[in-house]
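Observations on the model geometry
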Amino acid sequence: MPEQVPAACPLCQRPNFHPSDHHFVPKSRGGKETTTICRDCHSAVHAVFSNKELATTYNTPEALLGHEAFATMVAFIAKQDPGGRVRIRPPGGQKRRRP
């Protein structure tokens, strides 16, 4: 029986071998709905955006990909092995921002 390929991550379009549920509006800001994205994209989202930014501005896949630094990270992730793990750092050497 052939191995089934998992659904693609809606952000990087790679097969989603390491699924992670992401609240586009963070739970701490009242979000209830989740979308399954890959672990690497999930790490990138939280490396770039604060919970406040996610709740107010970047609460859709289209809005996330409209952010230049995040779109660059996703383009890099998309080229990597979907079965591996990508090391994510905040863009520009920034420290991770807290909400």
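Data block above holds the structure.
This section reports on the structure supplied with the text. (Residues numbered from 1 in each chain as written. Predicted model: local features only at pLDDT ≥ 70, side-chain atom pairs only at ≥ 80, totals over all residues. Heavy atoms only, no water.)

Observations concerning the side chain of Ser20
Definition in use: What counts as a helix is a DSSP run of H or I of at least four residues, what counts as a strand is a run of E of at least two, and both are numbered from the N terminus. In the analysis that follows, any N or O atom pair within 3.5 Å is treated as a polar contact, provided that within protein one partner can donate a hydrogen and the other can accept it, and provided that, for residues neighboring in sequence, both atoms belong to side chains. Note on contacts: a residue pair is in contact if any heavy atoms of the two residues lie within 4.5 Å.
Among the structural elements, Ser20 can be located in strand 1 (residues 19-23). Polar contacts involving the side chain of Ser20 include one to the side chain of His42, which spans 2.5 Å. Aside from chain neighbours lying at most four places away, what touches Ser20 is Thr35, Thr36, Ile37, Cys38, Arg39 and His42.

Focus: the pattern of salt bridges
Keep this limit in mind: Salt-bridge detection follows one rule: a side-chain nitrogen of Lys or Arg within 4 Å of a carboxyl oxygen of Asp or Glu.
If you walk through the whole model with that rule in mind, you get 1 salt bridge. Linking Asp40 and Arg14 is a salt bridge whose minimum nitrogen-to-oxygen distance equals 2.8 Å. Linking Asp40 in helix 1 (residues 39-48) with Arg14 in the segment before strand 1, this pair joins segments that are 26 residues apart in sequence.

Focus on the nonpolar core
What counts here: Nonpolar cores are built from buried Ala, Val, Leu, Ile, Met, Phe, Trp, Tyr and Cys residues. Side-chain atoms within 4.5 Å join them into one set. Think of it in three bands: with a 1.4 Å probe and only protein chains considered, a residue is buried below 20% of the maximum accessible area for its type, exposed above 50%, and partly exposed in between.
Ranked by size, the top nonpolar core spans 19 residues in total, and within it Leu11, Cys41, Phe49, Leu64 and Phe70 carry the most contacts. Mapped by element, the contributors of at least two residues to this core are strand 2 (34-38), helix 1 and helix 4 (68-78). With sequence-adjacent residues up to four places away left out, Leu11 is seen in contact with Ile37, Cys41, Val45, Pro61, Leu64, Leu65, Phe70 and Val74.

A word on the pairing of strand 1
Where we set the bar: Strand pairing follows a simple DSSP-based rule, namely that at least 2 bridges must link the two strands.
A one-sided burial pattern is seen for strand 1, the buried positions being Ser20 and His22 and the unburied ones Pro19, Asp21 and His23. Looking at chain direction, strand 1 and strand 2 are connected through 5 bridges and run antiparallel. Paired with Pro19 across the two strands is Cys38, which belongs to strand 2.

Some details on helix 4
Here is the rule we go by: Along the arc lie the directions from the helix axis toward the C-beta atoms.
Looking only at helix 4, the buried set comprises Phe70, Met73, Val74 and Ile77. Down the axis, helix 4 shows its buried residues gathered within 100° of arc, on one side only. Opposite the buried face of helix 4, by more than 90 degrees, sit the exposed residues Glu68 and Thr72. Taken together, the buried residues of helix 4 touch helix 1 and helix 3 (61-65).

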